[in-house]
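Descriptive structure summary
Here is what each chain is made of, one letter per residue.
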2 protein chains.
Amino acid sequence: MTQTIIDIVELLKKYDLISGENISSQLHISRTAIWKHIQQLKKKGYHITAKPNRGYHLLKTPDTITTEEIKQVIKTKHFASSIHHLPIVSSTNDYAKTLAKKGEPEGSLIIADKQTGGRGRKQRKWISPEKGLWFSLILRPKLTPNDAMLTTMCAACAVTKAISELTTLKPRIKWPNDILINGKKVCGILTELSAEIDEITYLIIGIGLNVNNKIPNELKEKSTTLKQEIKKQVDSVLLLSSILSSFEYFYQELNNGNILKIKDTWRSYSSTIGSKVTVSTEKEVVTGVAVNLGEHGELIVKTNLGEKKILTGDISYL
Amino acid sequence: MTQTIIDIVELLKKYDLISGENISSQLHISRTAIWKHIQQLKKKGYHITAKPNRGYHLLKTPDTITTEEIKQVIKTKHFASSIHHLPIVSSTNDYAKTLAKKGEPEGSLIIADKQTGGRGRKQRKWISPEKGLWFSLILRPKLTPNDAMLTTMCAACAVTKAISELTTLKPRIKWPNDILINGKKVCGILTELSAEIDEITYLIIGIGLNVNNKIPNELKEKSTTLKQEIKKQVDSVLLLSSILSSFEYFYQELNNGNILKIKDTWRSYSSTIGSKVTVSTEKEVVTGVAVNLGEHGELIVKTNLGEKKILTGDISYL
């Protein structure tokens, strides 16, 4: 889209109803030009009604996000300075890895309308049809692999903050990498990294967020979408923009060494600390009270036999 | 090479001088067939003399290792069950990564006669001309990224043990990833990994060992080769085989959870623990006495201000 079209979309979003004359005077273009741009927008999936003598009304934005829409609303400094928007991809994390290996800079955003091979932790399937937010960010933090979990925590804080600000919902982080609403999973974060012993070469944060998408019946007991929870459509682009802004902020804090701040924010958004839990790891099943986070984001569980520090696992709340 | 040729090489190595008749009776092949095989071996770079009425004598094996030679002497169960031998490659670690990504199984060996872009830690150049040992192993340990350093320690123990057993030299491990002989660097280990937060997807151990190769004059103050130290040629294939056998053993111990054993062996081969050191890391320079290894292989340095746990860095002995 040209800047003029982006400006028209902005005005349509700002006003419930706006006259061609008003658009014309604000953007200094002829009413014929406006009419032509409106036709183009309709072709792109924008539902716009034109009421004679009253003006234009934006009924609905396209189902899928466009790069131009993202660029229009995004307020970050570095994150998403480069955007790779794909109609369909196996996995945004895999695509991001390929780019990262070729030297793609920090902050590049890879976003897809749908994923055919979306993954969660441990190669678990993540269903990613159209109308959800499926995206990955390439990061190159000056951290050791031990501290990679802290970037997952920044991402979780960002998603939780953005949902809290844009809706009336109260999402809660479930350690290590899920976000729940009313006890159901709405978002998963997959962090993957390439590293030497002491140095991360690149790190990919993949975020899968159920927004306006459908979820299969068999998952409905444990999963939900934002649309389902608030009973109306959510503006995916605004949500994405808000997540990226917060993520960039928390990531900056992490790079500045303010790890306590990240952990404090995480704790304030989490349902895990203070809960009675059972944690299943590769090696064992631990039952106790989740009492705190360890130095690198591990979960510290107080059991009958003392405190256990768990790097990662699957939690059940008791 | 066919199995017959491999058997002939084995006999030539076993006996200083062996008659065609003896070979013929041991391998059940005609003397004409033997003669033909000997001609083939000569073409492959084996220097073999034939003394009339006395027999064959192996003067010299080829300068570069062949896959067949490796297969002939190797005694491992899983390591090197698949061998990728390359006359020239940019970096065996990079080649290994590409294979690992495509699902290459654990234990595969990638070995090159020379590397054009050999690397050490932090993208430092590693000169790798012909006649050295430049190889990588693909591993898939059931470890978290935090514990990756323990596999580097297994590799360092294996190289040190193999050199100690095959020569009269006393190599010493210098934390975190070098092996020194008489204070000069003879071997470097580069560990690279692809991981999720809690799980290593694959890990590449790259070993660069100066054996019979030349080293540039400007490096001679700080580096050495095995040949230079013992003043004679070293059998690279035997050395490789011995390294792989020990490495497989230590790696098995690691997978069985015998971390203490790995650390004890490492300490017994190391010159670092007990030494006064200066450690330069990304963040700081720490001076003190290296007193121990931490849980994940970190170096614990006792300074005037207390103990410091260092994940990795560059050591100078004081």
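Parameters at a glance
Residues numbered from 1 in each chain as written. Chains lettered and ligands numbered in written order. Predicted model: local features only at pLDDT ≥ 70, side-chain atom pairs only at ≥ 80, totals over all residues. Heavy atoms only, no water. Helix = DSSP H or I, 4+ residues; strand = E, 2+ residues; numbered from the N terminus. Rg over C-alpha atoms; globule rule 2.2 N^0.38 Å. Buried < 20%, exposed > 50% of the residue type's maximum accessible area, 1.4 Å probe, protein only. Contact = heavy atoms within 4.5 Å. Areas by Shrake-Rupley, 256 points an atom, 1.4 Å probe, with all protein chains shown as cover. Lys, Arg positive; Asp, Glu negative; His and termini not counted. Charge placed at Lys NZ, Arg CZ, Asp CG, Glu CD. Pairing = 2+ DSSP bridges. Axes fitted to C-alpha atoms, helices over the stretch in contact; angles between N-to-C directions. Arc of directions from axis to C-beta. Polar contact = N/O pair within 3.5 Å; in protein donor to acceptor, adjacent residues only side chain to side chain. Core = buried A, V, L, I, M, F, W, Y, C linked by side-chain atoms within 4.5 Å. Buried area = accessible area lost by both parts, 1.4 Å probe. Salt bridge = Lys/Arg side-chain N within 4 Å of Asp/Glu carboxyl O. Least-squares fit on C-alpha atoms with pLDDT ≥ 70 in both.

**Looking at the overall build of chain A**
Broken down by element type, chain A carries nine helices and 14 strands. Over its C-alpha atoms chain A spans a radius of gyration of 22 Å, differing by no more than 12% from the 20 Å that the globule rule assigns to 318 residues. Viewed in the frame of its principal axes, chain A has a C-alpha envelope of about 75 × 40 × 35 Å. Counting the 318 residues in chain A, one finds 55% classified as buried. For chain A, the proportion of contacts with a sequence separation of at least 24, taken over those separated by at least 6, is 63%. As displayed, chain A has an accessible area near 14700 Å², and 50% of this comes from carbon and sulfur atoms. Across chain A, 45 positive and 32 negative side-chain charges occur, with their mean positions spaced 6 Å apart.

**Here we look at the sheet that holds strand β13 (residues 306-310) of chain A**
Residue and element names in this part refer to chain A. Spatially, the five strands line up as an open sheet ordered β13-β12-β11-β10-β14, and their pairing is antiparallel. Edge positions in the sheet fall to β13 and β14 (314-317), since each of these pairs with one other strand and no more. Each strand axis lies, on average, 45 degrees off the axis of its neighbour in the sheet, ignoring direction. Sheet topology note: the strand β11 (residues 285-293)/strand β12 (residues 299-303) ladder contains four bridges and is antiparallel.

**Considerations on helix α5 (residues 92-101) of chain A**
All names here are of chain A. Those residues of α5 that fall on the buried side of the exposure criterion are Thr-92, Asn-93, Ala-96, Lys-97, Leu-99 and Ala-100. For α5, the arc enclosing every buried residue in end-on projection is 165 degrees, short of the 170-degree limit, so these residues lie on one face. You can read the cap of α5 off the contacts: a side-chain oxygen lies 3.2 Å from the backbone nitrogen of Asn-93, and it is on Ser-91.

**Thoughts on the nonpolar core**
With 134 residues, the main nonpolar core has A:Leu209 and B:Leu209 as its most contacted residues. In this view, A:Leu209 contacts A:Gly132, A:Leu133, A:Trp134, A:Val159, A:Ile163, A:Val186, A:Cys187, A:Leu239 and A:Ile243; residues no more than four positions away in its chain are not counted. Counting 16 residues, the second-largest nonpolar core is a separate cluster that includes A:Leu11, A:Ile23, A:Ile34 and A:Ile48.

**Quick look at the interface of chain B and chain A**
Taken together, the contacts link 24 residues of chain B with 24 residues of chain A. Interface area for chain B against chain A, summed over the two sides, is near 2200 Å², with a carbon-plus-sulfur share of 50%. Where chain B packs against chain A, one counts six salt bridges. In this structure, the salt-bridge partner of A:Glu199 is B:Lys122, at a minimum N-O distance of 3.0 Å. Our enumeration of links across chain B and chain A arrives at 10 residue pairs in polar contact (both at pLDDT 80 or more).

**What to know about the environment of A:Thr4**
Residues and elements named next belong to chain A. The residue Thr-4 is located in helix α1 (residues 3-14) in this model. When the C-alpha positions of Thr-4 and Leu-27 are compared, they lie 7.5 Å apart, and in sequence the two are 23 residues distant. Not counting the four nearest positions on each side in its chain, Thr-4 is found in contact with Leu-27, Ile-29 and His-37.

**Topic: the relation of the copies chain B and chain A**
Its rotation angle being 179 degrees, the transformation that places chain B on chain A also includes 0.0 Å of axial translation and leaves an RMSD of 0.2 Å. These values place the two chain copies in the arrangement generated by a two-fold rotation axis. In terms of C-alpha distance to the rotation axis, chain B has B:Ser194 as its closest residue, with the C-alpha 2.3 Å off the axis. Interface overlap between copies is the fraction of interface residues in one copy that are interface residues in the other; for chain B against chain A it reaches 96%, indicating a shared surface.

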